[in-house]
Number of protein chains: 2
Amino acid sequence: MHGLVRAIPKIEPKAQPCWCDDPFVARLKAHVDLGSADLHSLRAVIENDHAVKKRRDLVIDGYQYRKLSFIKEGFAARYKLLRNGKRQVVNVLVPGDVVGVPSSFLDRATFSVTAITDMKLQVCSLDDFVALCHRRPKFSLALCWIAVQEAASYAERVVDMGRRTSIERVARFLLDVHSRLAMVGRATESGFDLPFSQELMSDALGLSVPHLNRMLTKLRADGLITIDGHRVEFIDQNALAMLSHFQPFKLTQVPPATGLEPSVLLRHQT
Amino acid sequence: MHGLVRAIPKIEPKAQPCWCDDPFVARLKAHVDLGSADLHSLRAVIENDHAVKKRRDLVIDGYQYRKLSFIKEGFAARYKLLRNGKRQVVNVLVPGDVVGVPSSFLDRATFSVTAITDMKLQVCSLDDFVALCHRRPKFSLALCWIAVQEAASYAERVVDMGRRTSIERVARFLLDVHSRLAMVGRATESGFDLPFSQELMSDALGLSVPHLNRMLTKLRADGLITIDGHRVEFIDQNALAMLSHFQPFKLTQVPPATGLEPSVLLRHQT
DNA sequence: CGTCTCATTGAGTTCTGTCAATCTAAGTGG
DNA sequence: CCACTTAGATTGACAGAACTCAATGAGACG
């Protein structure tokens, strides 16, 4: 259990941006500062709220989708269905997350996104948003940061699937979901309501349902978690993080515009 | 082998942007149009070329890295080393690819990047690039597109690792590398020089070296490929793509600035 | 109260990893 | 120019992890 490389960095309590009110604005604000003029322009491109029923597909693999939709309420999963009938969930979406990355940037979507629960979304067309970006570059930088965050979290999933044991994957999944829910005020210190079925989780973790079930059973037997209905409580969150080498990453902020950038000016006149 | 979902979309020959001369400029041009004023500003932020020797780490997990480096020549791998000594390569980098996504956007890098061969890079500090983005938004949009492409390809890797058989993964890997090399003029119609060792590939595919070897042997035995030294030739590329359900995706272009965006103006005065 | 979804458990099989040995090719130094 | 070293490729035997299939149990909902 003890590593050979370097000491385990402490898992710091994350900053708590609250994406409760207006997820679209809040998520962008997590990366850049927005003045009132920015907010004004932003609201102009946001279409009305959009409700989606449980089990409906928001994005369908193979079809065009050109919107950025911010989740106000509810849960979704991004997945691909294979020819042999297997399904891989590449990630789960919680309030504050964005539907339409990467789908909107592609000719045709390469993944589907399905609503796991009833949902409320704030929608904006990608073209409108890009137009806004041309006028106010900080929005495109915020979008960069969102896309990079997405990439970083997929990369971490690749490591999970490739080189971590099934029990580690399950533990990490629970910790990851907890931390993301906590960030948007949907979890307590040590527990949360798990909105996913075991079938969904097994598809997310690349396991079979029976095997996932066995691993969950093991985590309970080892006294690390309790599960009552859909309620998950961590009994020993530290041990769980240790067992699974869980360690959230921190994005930087977008560097603000400084009028004229000194280090560039030194080398070249604009 | 035959699917239940829908017909296999044709694998179209991809557009051939040539990233041979100036990878930094060429890669951005793949996503947005750059005028001469743009190019002028861009060159101002690009630092001198940088050479890196084989086996050197460009980025080290846990340390800060705040540069965008475009690969002019040579190959690299982005990976994470686990406590138990296992390694997962999350992707391989070829000429035209960007080092520093996602590392530069994070507090501290969460992956290492190592040079597989001697390399030549074009380097630019992220801060300078962001400053440029504030002045010329199209650069930040190009960066978005790059980040999204990165995310999409990781997501595809997650599917690979989670739900595809080992032989499919190997075949897809070869096809993917071939298509990326072909795009930058490093491959012929049906073959290429594979710059990776089996150890590296097994770490990329989440397999053990012996098993990867068995699968390569099988692909040869089935008459799908030949391998002579580091030279790989596809004998039946179609069958290979069919077997592995390989299908490259296409990014859209960044929508150009249109001065004032009609659909926004209709809803709101700026 | 029946139906349906979801969770749980067991038995047997398959895939894939581990360990270890051998082989090849490419350098390297004398 | 050759013996020596070393990294990488290949092969085989075995063990263990995880899947499949199948049956059962438990709630939720109409």
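The rules behind the values
- The residue numbering used here restarts from 1 in each chain and proceeds along that chain's sequence as written.
- All chains are assigned letters beginning at A, and all ligands numbers beginning at 1, according to the order in which they are written.
- Since the coordinates come from a predicted model, pLDDT governs what is reported: local features require at least 70, and pairs of side-chain atoms require 80 or more to be given and counted, while whole-chain, interface and lining totals use all residues.
- Only hydrogens and water are set aside; all other atoms, that is, all heavy atoms of the structure, feed into the side-chain values.
- Each residue is tested against the molecule or strand, and it is near if at least one of its non-hydrogen atoms lies within 4 Å.
- As used in this structure description, the phrase polar contact means that two N or O atoms lie within 3.5 Å; if the pair is within protein, one of them must be able to donate a hydrogen and the other to accept it, and residues adjacent in sequence are counted only when both atoms belong to side chains.
- The way it works is that DSSP assigns letters per residue, a run of H or I at least four long becomes a helix, a run of E at least two long becomes a strand, and they are numbered from the N terminus.
- Axes here mean lines fitted to C-alpha atoms, for a helix over just the part in contact, with angles spanning 0 to 180 degrees between N-to-C directions.
- Angles below 35 degrees are treated as roughly parallel, those above 145 as roughly antiparallel, those between 65 and 115 as roughly perpendicular, and all remaining angles as oblique.
- Throughout, a contact is declared for two residues whenever any of their heavy atoms are within 4.5 Å.
- Note on residue classes: Ala, Val, Leu, Ile, Met, Phe, Trp, Tyr, Cys and Pro are nonpolar, Asp, Glu, Lys and Arg are charged, and everything else, Gly too, is polar.
- The cut-offs for exposure are 20% and 50% of the maximum accessible area for each residue type, with area from a 1.4 Å probe on protein chains only; residues under the lower value are buried, those over the upper are exposed, and the others partly exposed.
- The pairing criterion for strands is at least two bridges between them, as found by DSSP.
- A pair is scored as a salt bridge if a Lys or Arg side-chain nitrogen falls within 4 Å of a carboxyl oxygen belonging to Asp or Glu.
- A residue counts toward the fit only if its pLDDT is at least 70 in both copies, and the copies are then superposed by least squares on the C-alpha atoms of those residues.
- Note: domain ranges come from an automatic or database domain assignment.
- Values labelled buried area give the accessible surface lost by two parts on being combined, using a 1.4 Å probe and summing over both.
- For every residue, the predictor assigns a confidence score, pLDDT, that lies between 0 and 100.

1. A word on the protein's contact with DNA strand C
Then step 1. By nearness alone, 18 residues border DNA strand C, and A:Q198, A:N213, B:K86, B:S208 and B:H211 come closest of all.
Then step 2. Among the atoms of DNA strand C close to the protein, meaning within 4 Å, 66% are from sugar or phosphate groups.
Then step 3. Within the side chain of A:R220, an N or O atom sits 3.4 Å from a phosphate oxygen of DNA strand C.
Then step 4. B:H211 is positioned with one of its side-chain polar atoms (N or O) 3.4 Å from a phosphate oxygen of DNA strand C.
Then step 5. Those elements that provide at least two residues to the surface near DNA strand C are α6 (198–205) and α7 (209–221) of chain A together with α7 (209–221) of chain B.

2. Topic: the packing of α6(A) against α7(A)
Residues and elements named next belong to chain A.
Then step 1. Put simply, α6 and α7 touch, their axes get as near as 9 Å, and they point 100° apart. Between α6 and α7, the crossing angle belongs to the class labelled roughly perpendicular. On the side of α6, the interface is formed by Q198, E199, M201, S202 and L205, while α7 contributes V209, L212, N213 and L216.
Then step 2. Residue classes in the contact of α6 with α7 are distributed as five nonpolar, three polar and one charged.

3. Examining unusual backbone geometry
Then step 1. Residue A:V101 is joined to A:P102 through a cis peptide bond whose omega torsion reads 5°.
Then step 2. Looking at the element boundaries, A:P102 is found in the loop between β6 (98–99) and β7 (112–115).
Then step 3. Within the chain, A:H245 stands out as a residue other than glycine whose phi angle is a positive 55°.
Then step 4. Overall, the relative accessible area of 17% leaves A:H245 in the buried class.
Then step 5. Not every positive phi belongs to a glycine, and B:R55 is a case in point at roughly 75°.
Then step 6. Position of B:R55 among the secondary structure elements: in the loop between β1 (49–52) and β2 (57–59).

4. Thoughts on the sheet that holds strand β8 (residues 119–125) of chain B
Strands belonging to one sheet form pairs held by backbone hydrogen bonds; the direction of such a pair is parallel or antiparallel.
Residues and elements named next belong to chain B.
Then step 1. One open sheet accounts for four strands, arranged β1-β8-β3-β6; its pairing is antiparallel. The sheet is open, and its two edges are formed by β1 and β6 (98–99), each paired on a single side.
Then step 2. Both β1 and β8 contribute to a ladder of four bridges, which runs antiparallel. Its bridge partner being in β8, H50 is matched across the sheet by L121.
Then step 3. Seen against the sheet, helix α3 (residues 126–135) touches β3 (67–73) and β8 and runs at an angle of roughly 55° to β8.

5. Brief notes about the pattern of salt bridges
Then step 1. In this structure the tally under the stated criterion is 40 salt bridges over all chains.
Then step 2. Note that A:R163 and B:D203 form a salt bridge whose closest N and O atoms lie 2.8 Å from each other. Here B:D203 lies in helix α6 (residues 198–205) and A:R163 lies in helix α4 (residues 137–163), a pairing that spans two chains. Across the pair, exposure class does not vary: A:R163 and B:D203 are buried alike.
Then step 3. A salt bridge links B:E156 to B:R172; its shortest N-O distance comes to 3.5 Å. Placement of B:E156 in helix α4 (residues 137–163) and of B:R172 in helix α5 (residues 166–183) is noted, with a sequence separation of 16 residues between them.

6. Some points on the protein's contact with DNA strand D
Then step 1. Contacts to DNA strand D come from 18 residues, most closely from A:K86, A:S208, A:H211, B:Q198 and B:N213.
Then step 2. Of what DNA strand D places within 4 Å of the protein, 69% of the atoms are sugar or phosphate.
Then step 3. Here a phosphate oxygen of DNA strand D and a side-chain polar atom of A:S166 are 3.0 Å apart.
Then step 4. Between DNA strand D and the protein, one listed contact pairs a phosphate oxygen with a side-chain N or O atom of B:N213 at 2.8 Å.
Then step 5. Taken together, the elements giving at least two residues each to the surface near DNA strand D come down to α7 of chain A together with α6 and α7 of chain B.
Then step 6. Take the surface near DNA strand D: its biggest share by element is six residues, from α7(B).
Then step 7. When grouped by side-chain class, the residues that make up the surface near DNA strand D number four nonpolar, eight polar and six charged.

7. A few points about the relation of the copies chain A and chain B
Then step 1. Structural alignment of chain A on chain B gives an RMSD of 0.0 Å, achieved by rotating through 180° and translating 0.0 Å along the axis. What we have between these two chains is a two-fold relation.
Then step 2. When the interface residues of chain A are mapped onto chain B, 99% of them again lie at the interface, so the same face is used by both copies.

8. Re the sheet that holds strand β11 (residues 231–234) of chain A
Residues and elements named next belong to chain A.
Then step 1. Taken together, three strands build an open sheet; the order of strands is β9-β11-β10 and the sheet is antiparallel. The open sheet has two edge strands with one neighbour each: β9 (191–193) and β10 (225–228). Across this sheet, the average inter-strand angle for adjacent strands is 15°, counted without regard to direction.
Then step 2. Here β10 runs beside β11; their pairing, made up of four bridges, is antiparallel. Bridging across to β11, D228 finds its partner in R231.

9. Regarding the domain arrangement of chain A
All names here are of chain A.
Then step 1. Here the domain parsing of chain A yields domain 1 (18–163) and domain 2 (165–244).
Then step 2. The C-alpha-based centres of domain 1 and domain 2 are spaced at 24 Å.
Then step 3. Every contact between the two is made by 21 residues of domain 1 and, on the other side, 17 residues of domain 2.
Then step 4. Of the roughly 1700 Å² buried between domain 1 and domain 2, counting both surfaces, carbon and sulfur atoms make up 58%.
Then step 5. It is R87, V92 and D160 in domain 1 that bury the most area against domain 2; as a group they hold 30% of the surface buried on that side.

10. Remarks on the confidence of the model for chain A
Then step 1. Overall, the predicted model of chain A reaches an average pLDDT of 90, with 88% of residues at or above 70.
Then step 2. In this model, residues 264–270 of chain A is a region of pLDDT below 50 whose contacts with residues beyond four sequence positions or in other chains number eleven contacts.

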